[in-house]
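# Topology and contacts: notes
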Amino acid sequence: MCDTNSSEEGESSSRKDKKIRINYDGDPDMAYLLDYENDFTQSQLFSQAQDDAFMEPNPEDEYMDEELNANNTQTWKTKEEAVKWVKEHAWKINCVLVKGRQSRKERVEMICERVGEKVSKKKKDMDFRYNHPRPKDLHGHYRDGRLKAHEYVEVDKMTRARMAPSKILSKLKADDKNNKTTFQQIYNSRNTLRRKDLQGRLVMQQLFWLAQKKNYAFQKKLDEFGHVTHLFIAHPECVKLALCFPQVLILDCTYKTNKYEIPLMNVVGHMSTKSPFTIAFCFLHDELKESYVWALEQVKLIIREDALPKVMLTDQEAALMFAIRKVFPNAQNFLCTFHVWNNVRKKCQGIIQPLKLKELEKIATLPDGEREVKKKEFKKAYEANESMCACFSNEWDALTWSITKEVYE
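Residues numbered from 1 in each chain as written. Predicted model: local features only at pLDDT ≥ 70, side-chain atom pairs only at ≥ 80, totals over all residues. Heavy atoms only, no water.

## Some points on the overall build of the protein chain
- The secondary structure content of the protein chain amounts to 14 helices and 14 strands.
- Taken across its 409 residues, the protein chain has 32% of its residues classed as buried.
- Summarising the internal contacts of the protein chain: among those between residues at least 6 apart in sequence, 54% fall at separations of at least 24.
- Of the roughly 27,600 Å² of accessible surface on the protein chain, a fraction of 53% belongs to carbon and sulfur atoms. (Helix = DSSP H or I, 4+ residues; strand = E, 2+ residues; numbered from the N terminus. Buried < 20%, exposed > 50% of the residue type's maximum accessible area, 1.4 Å probe, protein only. Contact = heavy atoms within 4.5 Å. Areas by Shrake-Rupley, 256 points an atom, 1.4 Å probe, with all protein chains shown as cover.)

This is how it looks when you write it as structure tokens:
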């Protein structure tokens, strides 16, 4: 650490000086190290004469030699300007400086960010000697890959367009061949944008705010402690479609689709062109009758009273079927053929098309002559089972899509 008292009048007179001075010496052991000790004096007013005495850094000193043995004094008006110049000057020789422990109001110590090696858990046992070689470049350093203003705007646009971080980084590097941004910096910038959008709101508060702003059909149910237990959301365009095609509704719950592991009920409509469309989503606390009744009541609110659904398709969920009879008593409840076929195939697979993998493994261990005979027998039996399974599937389809018994026969 060098002596900052370069004035001939001594330390007492330098304290009265209203300019900020920085003296630095070359380190004979590590020339690229800038170990500054600043002597700052605070003042409220700066006269014109003092402004004229402000000394800009010498352009010839922008890149420092590895043989810095002479003192060089620069002056700044404020502490912030001095620290900024020191960091920029060190950056050009691949060194990143930070404030040291001895920084205080009237002086600051700038040290390398990687200085010191911790040898124990106690702060006093710190070795502040340099423990790394001089880097050739700062590729991968957070400052080297820091996003520029226009790049930050591009990241904001691509994030709102739901682009993946990998594609965002590829786009930035394609636009600028010298770009050294890392994945972590992309993730950090996305988190910064997200916090900026939240404006101090919690995630649930942000959801309520966006739903109100975008005119969503939105309802919630709270428990006695004020916790959200049920949540109903419907896009305004989906509501318009539901008003046009309310005749058929398809209801089903999905699981493990959110970090809270609560059921998500999907309400799907059916157009005259046989195209499905989503009407609403409803997060449920459980799959009891009360939860399904509350969800269907919210669905009923977005549909006209004179055009209620006539057909409701569900799986064989007893609580949901009970809620349909209570909320839509005039609607016909049909079982979903997809769920029915899955159950039938699961029950009949062992009879119609038995699995013979173990038998095939046994055949592979037989002698050559016997193995060929058994393979032919196995192939014949397998083809017979395939034919039986295909016939059963055709019969099932005919039964499923036949309107009456006479049509099926």
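## Some thoughts on the pairing of strand S8 (residues 217–222)
- Alignment of S8 against strand S9 (residues 228–234), held across six bridges, turns out to be antiparallel. Bridge pairing links Gln-219 to Phe-232 in S9.
- Hairpin geometry of S8 and S9 is characterised by an intervening segment of five residues between the two adjacent antiparallel strands and by a positive phi of about 85 degrees at Gly-226. (Pairing = 2+ DSSP bridges.)

## Brief notes about the packing of helix H9 (residues 289–301) against helix H10 (residues 318–327)
- One can describe the packing of H9 onto H10 by two numbers: an axis separation of 8 Å at closest approach and a directional angle of 45 degrees. In terms of their interaxial angle, H9 and H10 are classed as oblique. Seen along the crossing, H9 lies across H10 with a hand that is right-handed. Where H9 approaches H10, its residues Lys-289, Tyr-292, Val-293, Leu-296, Glu-297 and Lys-300 are matched on the opposing element by Ala-319, Leu-320, Phe-322, Ala-323, Ile-324, Lys-326 and Val-327.
- Split by residue class, the contact of H9 with H10 holds nine nonpolar, no polar and four charged. (Axes fitted to C-alpha atoms, helices over the stretch in contact; angles between N-to-C directions. Parallel < 35°, antiparallel > 145°, perpendicular 65-115°, else oblique. Left-handed = near helix turned anticlockwise from the far one by under 90°. Nonpolar A, V, L, I, M, F, W, Y, C, P; charged D, E, K, R; others polar.)

## Remarks on the packing of aromatic side chains
- Enumeration over the complete set of coordinates arrives at five aromatic pairs.
- Note on Phe-208 and Phe-218: the rings are 5.0 Å apart at their centroids and 65 degrees apart in plane angle, and the pair reads as edge-to-face. Placement of Phe-208 in helix H7 (residues 203–213) and of Phe-218 in strand S8 is noted, with a sequence separation of 10 residues between them.
- Assessed through its relative accessible area of 19%, Phe-218 is described here as buried.
- Through a chain of ring-to-ring contacts, three or more aromatic side chains come together here, namely Trp-341, Phe-392 and Trp-396.
- The ring centre of Trp-209 lies 4.1 Å from the NZ or CZ of Arg-201, which sits over that ring.
- If you follow Lys-220 out to its NZ or CZ, it ends over the ring of Phe-208, 4.9 Å from the centre. (Phe/Tyr/Trp six-rings, centres within 6.5 Å; stacked < 30°, edge-to-face > 60°. Lys NZ or Arg CZ within 6 Å of the ring centre and 35° of its normal.)

## Overview of the nonpolar core
- Ranked by size, the top nonpolar core spans 31 residues in total, and within it Phe-232, Met-265, Ile-279, Tyr-292 and Leu-296 carry the most contacts.
- Those elements that place two or more of their residues in this core are S9, helix H8 (236–244), strand S10 (248–254), strand S11 (264–270), strand S12 (276–283), H9 and H10.
- At six residues, the largest contribution of residues to this core is made by H9.
- Leaving out residues up to four positions away in the same chain, Ile-279 has contacts with Ala-234, His-235, Cys-238, Ala-242, Leu-249, Val-267, Val-268, Gly-269 and Ile-302.
- The next biggest cluster of nonpolar side chains, apart from the first, holds 12 residues, and it includes Ile-93, Cys-95, Leu-97 and Val-108. (Core = buried A, V, L, I, M, F, W, Y, C linked by side-chain atoms within 4.5 Å.)

## Side note on the side chain of Ser-291
- Structurally, Ser-291 is set in helix H9.
- Polar contacts involving the side chain of Ser-291 include one to the side chain of His-230, which spans 3.0 Å.
- Setting aside chain neighbours within four positions, we find Ser-291 in contact with His-230, Leu-284 and Asp-286. (Polar contact = N/O pair within 3.5 Å; in protein donor to acceptor, adjacent residues only side chain to side chain.)

## Points about the environment of Arg-201
- Mapped onto the elements, Arg-201 comes out in the loop between helix H6 (183–198) and H7.
- Side-chain polar atoms of Arg-201 contact the backbone oxygen of Asp-197, separated by 3.2 Å.

## Topic: the environment of Thr-78
- Looking at where Thr-78 falls in the secondary structure, it is placed in the loop between strand S3 (72–76) and helix H3 (79–91).
- Polar side-chain contacts of Thr-78 include one of 3.3 Å to the backbone nitrogen of Glu-81.

## Describing unusual backbone geometry
- At Gln-199, a residue that is not glycine, the phi angle is positive and equals roughly 55 degrees.
- By secondary structure assignment, the location of Gln-199 is in the loop between H6 and H7.
- Take Gln-199: its relative accessible area is 59%, and that puts it in the exposed class.

## Comments concerning the confidence of the model for the protein chain
- On average, the protein chain scores 75 in pLDDT, and the residues at 70 or more come to 74%.
- Within the protein chain, the element-level pLDDT minimum falls on strand S2 (residues 36–39), averaging 33, and the maximum on H9, averaging 94.
- Ignoring residues within four places in sequence, the model shows residues 117–128, a span with pLDDT below 50, making 10 contacts including any to other chains. (pLDDT = per-residue confidence, 0-100.)

## Concerning the packing of helix H4 (residues 149–160) against H6
- Contact geometry of H4 with H6 gives a least axis separation of 10 Å together with a crossing angle of 75 degrees. Comparing their axes, H6 and H4 come out roughly perpendicular. Residue-level inspection shows Tyr-152, Val-155, Asp-156, Thr-159 and Arg-160 of H4 in contact with H6, the latter providing Ile-186, Ser-189, Arg-190, Thr-192, Leu-193 and Asp-197.
- Its residues assigned to classes, the contact of H4 with H6 shows four nonpolar, three polar and four charged.

## Thoughts on a nonpolar patch on the surface
- A surface patch of nonpolar side chains, amounting to about 280 Å² of accessible area, comprises Met-204, Leu-207, Leu-222 and Val-228.
- Tracing the sequence through the fold places Leu-207 in helix H7. (Patch = residues over 30% accessible without salt bridge, like charges linked within 9 Å, V, L, I, M, F, W, Y side chains within 5 Å. Salt bridge = Lys/Arg side-chain N within 4 Å of Asp/Glu carboxyl O.)

## A short note on the sheet that holds S12
- Pairing is mixed across the open sheet formed by seven strands, whose spatial order is S8-S9-S12-S11-S10-S13-S14. A single partner strand is all that each edge strand has here, and the edge strands are S8 and strand S14 (332–335). Across the sheet, the axes of successive neighbouring strands diverge by a mean angle of 20 degrees, strand direction being ignored.
- Two strands pair when backbone bridges link them, and S10 and S11 are joined in this way by six bridges, in the antiparallel orientation. What sits directly across from Ile-250, in S11, is Val-268.
- Contacting S8, S9, S10, S11 and S12, H9 runs over the sheet at an angle of about 30 degrees to S9.

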